[in-house]
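In case you want the letters, here they are:
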Amino acid sequence: METESEPYVRLATLRQLHRVVADLNTARSLADTLQTVVDGIVAGLGYELACVNLVRPDGDLVVAAFAGDPAAEALITGRVGSRLSWERRLTMGENWDGLRFIPHTEGWVLLEDDVPQWHTEGPDPRFVDEWHPEDRLYAPMYASGGELLGVISVDRPRNGRRPGAWGREALQMYAFQAAIAISNARLRANMQRALVRLEREQQALRASEESFRQAFEYAPSGMAIAEMGGDQHGRLLRTNDALCRLLGRPASVLRRYSFSDLVHPEDIGTLLRTSAEGGRAELRLGRRDGTYVWVSLRNSVVADAADGPRFLLTHVEDIEERKRHELQLAHRASHDALTGLPNSAELRSRLGARLCRRPQSVRATAVEALDAAFEGRPEAGGGAVEHGFRPDGYGDPFEGQGVGQGVGQGVGPVAGAGPGTGPGEVGPYDHHVHTVAPATDIDDGTKGLAVLFCDLDGFKSINDRFGHHTGDAVLIEVARRLTTGVRDGDTVARLGGDEFVVLADGLGAADAADLAVRLRNAIIPPIRVDGRAVRVGASFGIGWASCGMSADEVLRSADQRMYIEKRSRSKAHRRAG
C-alpha cells in the first residue's frame, strides 16, 4: 500500500517544496529571508516547529528565526550557542545524507550544553520510527565556498514519525535552497550597506571639497595649489582672490608661472631650500608693476587619493608691514636717530668685519711659506699676503712673487693661521683678505682702509649760544655734506656729539690726505638755520686699519692723529678750516 502511494506522496511533497522555495526568492531583507525559511518548513515540509541558527561573525550561532510556537519563539529567539557546542552536535548521531539525527537515547548528553533548545520530556516510542520529543534533527547550511552559514533545526513531524528517505531528501534540498537564499540576502544587505556607506562618503567628500573650496577661495590671505614632481613641478594650478590681489595678477595669468618665476632673484636660494612638507620661508614675490612684496610661505602636501597625484598647498601671507617695521627697528639700532648715519656700534661692526687678529708685517721666505703650507702653522714674521692656500687646500709658496709686490703691499689671501686660532682669527683654509696700512705717511703706493676721524671746531659755542635746535640742524647739514663728499661704498658714521668718522677703502696716503682736505672744505661754508648763518670748522685725523688691530685701536689711533692735527693749528685757523 505504501509502495503504491509513494509516488503520490513524492508528487505532493515536490509541489509543496516548489511553493516554499519560490517564497524564498520573494524575500528582500535578510530578516525576511530567515523568517521565510522557517515558515516554509512549517507550512510545506510537515514539521510543527522549525528554527534557523545563524553563524555570527565571531563564529557562534544565534537563533535568528523561529516558527510554530510563539511561546518557544519568545523563549529562545536571539539566544546564542557556542560554535564548539554546535560542532559537537554536528559530529555525533546518525548521518542522514548530510542531515544529522540525534535520537533521544543519545541526546541526553546535550541537555547541559549552551545550545538553546525547547525539547520536552515524553514517553518512550511505541514503535521503531515514532518521533520522540527529545529527538533532534539538524540540516546544516553551507555557502558555496564550504563554510557553515547556519543550521536548520526541526521538531514534531505532523505524522508523528521520523522522516523517511523522501522526507529527508526534501529537507536536505530545502536546506540547500535556503543557504542560497540566505547568501543572496546577505550579499544584498552588504551591497546596500556598501552603497549607503559610499553615498555617505561621497556626501562627506562633497561637503569637504565645498568646505575646502570656500576656505581656499575666501581666505583673507593668499592660497595656491601647485604641482609636485615631474617637468611641471611648482607650476601654479590654482590661486585664490587674495593672492591675485596681492600680486596684482589675474588667476589665468598666474597659472603660467611657478613661485620660482615670481621670487626675487636674491631669494631663489631660500625658496629652493624650503621643504615641501611643513616648509616655511620669508621671501619677496614680484608684483605686476615690477615691485616686490615680502611674504611668508607655508607649505603642506595634499594627496588627491591614496596613490594618486600629490599637490603642494601653499599659504602666502603678506608680511610687508612687519618687514618694514623690522627694517626700521634694525635701522634705528644701527643708525643715529638725528643724522641717519651709521652709529658707533654699526661703525665698529663694519670696521671689525675687515680686521683679523693676525698682524700683517714681514713677508715670509719661500722655505717658511712651504713649512706653513704643509705644517698648518703661521708663517714666519706674520706671513706675506702673496703666500696662501688655494681653494683646493694646497699651498703654493711661490705663487704671486712677481715684480712690484713688496713688503706690506696690497691685499691678498691669508696663509694658514695654524692650530690655536682664536676668535677673530682665520684657519689654514680660510681666505680672509688682509687689511694693510701704508708704512709711513709718505705715499709708497700701498692702498689701504683709511679711517678719517672728524671733530667739528666751534660747534660747542654755536650749541651754547643758539640752542640745541640750531646745533642739531648744523649736525644734520654736516652729515649731508660729508655723505655727499665721499664715494659710493664709503662709510660716514657719527660717533656721538660732534665727532664723525669716514671709512674709505683703497686709498693711499696722498689720497686720504686729499679726501680730508675736500671734506674740510665742504664743511667750512656757512650753514643757514632759521635765517641765521653759522660756521663750523673741522679737524681730521687720518688713521689706517690693519689686521692685528681691534676696531677700538684703529679709532683710537685716528682720534690721536686728529688731536695732533688740531693742536698743530691755531684756534683761528681751526675755525677757518
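Residues numbered from 1 in each chain as written. Predicted model: local features only at pLDDT ≥ 70, side-chain atom pairs only at ≥ 80, totals over all residues. Heavy atoms only, no water.

In this section: the overall build of the protein chain. Across its full length, the protein chain holds 18 helices and 18 strands. Within the span of the protein chain, comprising 577 residues, buried residues form 43% of the whole. A sequence separation of at least 24 residues applies to 58% of the contacts in the protein chain between residues at least 6 apart. Total accessible area computed for the protein chain in this model is approximately 30600 Å², and 53% of it derives from carbon and sulfur atoms. (Helix = DSSP H or I, 4+ residues; strand = E, 2+ residues; numbered from the N terminus. Buried < 20%, exposed > 50% of the residue type's maximum accessible area, 1.4 Å probe, protein only. Contact = heavy atoms within 4.5 Å. Areas by Shrake-Rupley, 256 points an atom, 1.4 Å probe, with all protein chains shown as cover.)

Time to look at the packing of aromatic side chains. Counting across every chain of the model gives 4 aromatic pairs. Relative to Tyr138, the ring of Trp86 has its centre 5.3 Å away and its plane inclined at 70°; by these criteria the two rings are edge-to-face. Placement of the pair is Trp86 in helix α4 (residues 83-91) and Tyr138 in strand β6 (residues 136-142), with a sequence separation of 52 residues. With respect to class, Trp86 is no different from Tyr138; both count as buried. For the pair Trp96 and Phe101, a centre-to-centre distance of 4.4 Å together with 15° between the ring planes defines the contact as stacked. Accessibility expressed as a relative area gives 8% for Trp96, which makes it buried. Connected via pairs of aromatic rings, a cluster forms that spans Trp96, Phe101 and Trp131. Geometry around Trp96 places Arg168 over its ring, the cationic atom sitting 3.8 Å from the centre. One cation-aromatic arrangement involves Lys323 over Trp294; the distance from NZ or CZ to the ring centre is 4.5 Å. (Phe/Tyr/Trp six-rings, centres within 6.5 Å; stacked < 30°, edge-to-face > 60°. Lys NZ or Arg CZ within 6 Å of the ring centre and 35° of its normal.)

If you trace the 7 strands from one edge of the open sheet to the other, you get β3-β2-β1-β7-β6-β5-β4, paired in antiparallel fashion. Unpaired on one side and paired on the other, β3 (80-81) and β4 (94-96) mark the two borders of the sheet. The sheet contact formed by strand β1 (residues 47-55) and strand β2 (residues 61-67) spans 6 bridges and is antiparallel. Bridge pairing in β2 links Val55 to Leu61. (Pairing = 2+ DSSP bridges.)

Let us look at the packing of helix α14 (residues 459-466) against helix α15 (residues 468-485). Relative orientation of the contacting elements α14 and α15 amounts to 145°, with a least axis distance of 6 Å. Where α14 abuts α15, its residues Phe459, Ile462, Asn463 and Phe466 lie against His468, Thr470, Gly471, Val474 and Leu475. For the contact of α14 with α15, the residue count by class is 5 nonpolar, 4 polar and no charged. (Axes fitted to C-alpha atoms, helices over the stretch in contact; angles between N-to-C directions. Nonpolar A, V, L, I, M, F, W, Y, C, P; charged D, E, K, R; others polar.)

Each turn of an α-helix holds 3.6 residues, which means side chains three or four residues apart point in the same direction. Between its terminal C-alpha atoms α15 stretches 25 Å, which fits the 26 Å expected from 18 residues at 1.5 Å a residue. For α15, the complete set of buried residues consists of Thr470, Gly471, Val474, Leu475, Glu477, Val478, Ala479, Arg481 and Leu482. (Expected span 1.5 Å × (residues − 1).)

Here the focus is the nonpolar core. Ranked by size, the top nonpolar core spans 35 residues in total, and within it Ile41, Leu137, Met141, Ile152 and Tyr174 carry the most contacts. Those residues in contact with Ile152, other than ones at most four positions away along the chain, are Val37, Ile41, Cys51, Val52, Leu137, Tyr138, Ala139, Met141, Ala175 and Ala178. Ala504, Leu515, Leu519 and Ile527 belong to the second-largest nonpolar core, a separate cluster that totals 31 residues. (Core = buried A, V, L, I, M, F, W, Y, C linked by side-chain atoms within 4.5 Å.)

With that settled, consider the pairing of strand β10 (residues 280-286). For β10, a buried count of 5 out of 7 residues is recorded, marking the element as mostly surrounded by other parts of the structure. In this structure, β10 lies alongside strand β11 (residues 292-303), joined through 7 bridges in antiparallel fashion. Counted as the bridge partner of Glu282 is Ser296 from β11. The hairpin formed by β10 and β11 contains 5 residues between the paired strands, and Gly290 there has a positive phi angle of roughly 95°.

Now for the sheet that holds strand β9 (residues 236-239). Note on sheets: strands pair through backbone hydrogen bonds, and any given pair is parallel or antiparallel. Taken in spatial order, the 5 strands of this open sheet run β9-β8-β12-β11-β10, and their pairing is antiparallel. Of all the strands in the sheet, the pair left with one neighbour each is β9 and β10. The average angle at which neighbouring strand axes cross in this sheet is 35°, direction not considered. The pairing of β11 with strand β12 (residues 310-318) spans 9 bridges and is antiparallel.

In this structure, Asp97 is a non-glycine residue whose phi angle is positive, near 55°. Mapped onto the fold, Asp97 is located in the loop between β4 and β5 (99-102). Take Asp97: its relative accessible area is 64%, and that puts it in the exposed class. Positive phi, normally seen in glycine, also occurs at Arg156, with a value near 55°. Looking at where Arg156 falls in the secondary structure, it is placed in strand β7 (residues 148-157). Looking at Arg156, the relative accessible area reads 33%, which means it is partly exposed.

To continue, consider the packing of helix α2 (residues 30-44) against helix α6 (residues 165-217). Two numbers describe a pair of packed helices, the interaxial angle and the distance between the axes. Put simply, α2 and α6 touch, their axes get as near as 8 Å, and they point 165° apart. What the angle tells us is that α2 and α6 run roughly antiparallel. In the crossing of α2 with α6, the sense of the turn from one axis to the other is right-handed. Of the residues in α6, those in contact with Leu30, Thr33, Leu34, Thr36, Val37, Gly40 and Ile41 of α2 are Tyr174, Ala178, Ala181, Ile182, Ala185, Arg186 and Arg188. Among the residues making up the contact of α2 with α6, the classes are represented as 9 nonpolar, 3 polar and 2 charged. (Parallel < 35°, antiparallel > 145°, perpendicular 65-115°, else oblique. Left-handed = near helix turned anticlockwise from the far one by under 90°.)

Looking now at the side chain of Asp135. Assignment of secondary structure puts Asp135 in the loop between α5 (104-107) and β6. According to the relative accessible area criterion, Asp135 is buried, its value standing at 0%. One polar contact links the side chain of Asp135 to the main-chain amide nitrogen of His104, over a distance of 2.7 Å. Among the polar contacts listed, one links the side chain of Asp135 to the backbone nitrogen of His132, at a separation of 2.9 Å. (Polar contact = N/O pair within 3.5 Å; in protein donor to acceptor, adjacent residues only side chain to side chain.)

One pass over the full model with this rule turns up 31 salt bridges. Asp135 is paired through a salt bridge with Arg162; the nearest N and O atoms lie 3.7 Å apart. You can see Asp135 sitting in the loop between α5 and β6 and its partner Arg162 sitting in the loop between β7 and α6, a full 27 residues away along the chain. Here the residues in one salt-bridge network are Glu282, Arg322, Lys323 and Glu326, joined through shared partners. (Salt bridge = Lys/Arg side-chain N within 4 Å of Asp/Glu carboxyl O.)

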